[in-house]
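# Structural features, examined
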Amino acid sequence: MSSKRATILGIESSCDDCSAAIVDVDFESANWARVRGLSTFSQVQIHNPYGGVVPEIASRSHLEEIHQEVWNALSAAELLGPGVSLLQAMERVDAIAVTNRPGLVGSLLVGVTVAKTIAYLFKKPLVGVHHIEGHLMSPYLDQETVSSKIFPQILLMVSGGHTQLHWIERPPLEWPEDFLVSSRLGRSLDDAAGEAFDKTAKLLGFPYPGGKFLEEASVGGNPHAFALPRSKPKNDLDFSFSGFKTAANLLIQAQTKNATLEKNRADLAASIQEAIIEALVDRLEIAVERHSPKSLCIVGGVAANKSLRAKIQSRWSLPLLVPTTKYCTDNAAMIALAGGNRFCQGKRLSFEESLSLSAIPYPEI
Ligand code: KG4
Ligand code: ZN
């Protein structure tokens, strides 16, 4: 077996998505990662009445669901089936990758404990994965071809919890241990772009998480109908959304008071979306001019936003990598691939080390 090839069982439970996947990783082939089975239980409906994720409820739900997700992923990958035992199925898995940082501690603990138990029972190497590193690998899942010619690249990470710019100089197999910190060009000083979408969507009356509802409501609206501030922090590659959020809050309150919210809903949604996207693209522009990348990449839940993709595509003629929509939001396939990358680098825990792998809610990097 080549050291650049492995079959990985990935587990993700850092927030409100309970997910397991089987991914064939092969950095010598034209398509680096084939997702053979992915099963995700989304807790959105459970948290919906509370307007956000309730940590205690999240961890209990993970506890109830996670075994089924692992079973589903093994079955979808056809490793498990009639007449095949779990032991036989696990013989075809080379390693277990689990998100062990950062996230909600109770939720992380469920995934980490299950992964450790599977690793212990079936004597498999275990790899702890940083959730953001998973997102960084998501564009390479199920692509027909991937070429190292896309590097160096500028990557915009836009999720519910993180907004960051990264300079991806080399292919993943060459990423050092401290890659997430050493490659980072800038980050949000307060809220993430996803939070800015979700909090303003909530003010407009949409369920959590509201990003996609806000996008839907913006269709046909005038993005320049309402003026909203675009913060420009001192470090010109950092982001800030707190001023924008306050301004959006005041604007929506005024519209509610004047009973004009319903009439202006599409214009409000379009203006809010435009302000968030412009704040992102403005920073991306500075990074592109400064570093001259060969390609651009957007990852994370907000990368599903069509206006964001369209704006970046129309501004630059550089190739733009975006994960398939189902891999933009949290999923175990990206964790399996990120763990597979580290596994292929030889960075796997010894048996004793894997038993003491911790769930680390912080530090966020
Ligand atoms: O990456 P993700 O699934 O979870 C975290 O790791 O945080 O991202 C979730 C975020 C939420 O804030 C959600 O509202 C946002 O991604 N999102 C969107 C869209 N789809 C998901 N934001 C804007 N437009 C969308 N179409
Ligand atoms: Zn995420």
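Quick note: structure is the one above.
From a predicted model like this one, the values you see are computed outputs, not experimental measurements. Here the residue index of a chain counts from 1 through its sequence in written order. Whichever chain is written first becomes A and whichever ligand is written first becomes 1, with later ones labelled in order. Owing to the predicted nature of the model, reporting of local features is limited to residues with pLDDT of at least 70; listing and counting of side-chain atom pairs is limited to 80 or more, with chain, interface and lining totals taken over all residues. Note that water and hydrogens are dropped before the side-chain values are worked out from all heavy atoms of the structure.

### Quick word on helix 8 (residues 211–218)
Let me state the cut-off plainly: Burial status follows relative accessibility: with a 1.4 Å probe on protein chains alone, a residue under 20% of its type maximum counts as buried, one over 50% as exposed, and anything between as partly exposed. Secondary structure elements follow DSSP: runs of H or I of four or more residues count as helices, runs of E of two or more count as strands, with numbering from the N terminus. Working note: the arc is built from the helix axis to C-beta atom directions. Residues count as neighbours in contact if any of their non-hydrogen atoms are within 4.5 Å of one another.
Of the positions making up helix 8, those classed as buried are Gly211, Leu214, Glu215, Ala217 and Ser218. In a view along the axis of helix 8, the buried residues occupy a sector of 165 degrees, so they form one face of it. Residues of helix 8 that are exposed and angled more than 90 degrees away from the buried face: Lys212 and Glu216. Of the surrounding elements, those touching the buried residues of helix 8 are helix 7 (193–203), helix 10 (261–291) and helix 11 (306–315). Directly beyond the C-terminal end of helix 8, a positive phi value near 85 degrees is found at glycine 220.

### Regarding the sheet that holds strand 2 (residues 17–26)
For clarity, the threshold we go by: When DSSP locates at least two bridges between a pair of strands, those strands are taken to pair. Structural elements are reduced to axes, namely lines fitted to C-alpha atoms, with helices fitted over the stretch in contact, and the angle between N-to-C directions of any two is expressed from 0 to 180 degrees.
Sheet architecture is open: five strands sit in the order 3-2-1-4-5, paired in mixed fashion. The outermost strands of the open sheet, each flanked by one partner alone, are strand 3 (33–42) and strand 5 (126–130). Direction aside, the axes of adjacent strands within the sheet are offset by 20 degrees on average. Note that strand 2 and strand 3 share nine bridges and pair antiparallel.

### A closer look at the pairing of strand 9 (residues 295–299)
Short version of the rule: Think of it like this: strands point away, you trace from the first strand over the helix to the second, and a clockwise trace means the crossover is right-handed.
Counting buried positions along strand 9 yields five of five residues, so the element is predominantly enclosed. Sheet analysis places strand 6 (residues 153–158) next to strand 9, joined by five bridges and oriented parallel. Following the sheet pairing, glutamine 153 is matched in strand 9 by serine 295. The parallel pair strand 9 and strand 10 (residues 320–321), bridged by helix 11, forms a crossover whose chirality is right-handed.

Functional significance is not addressed by these values, which are geometric in nature.
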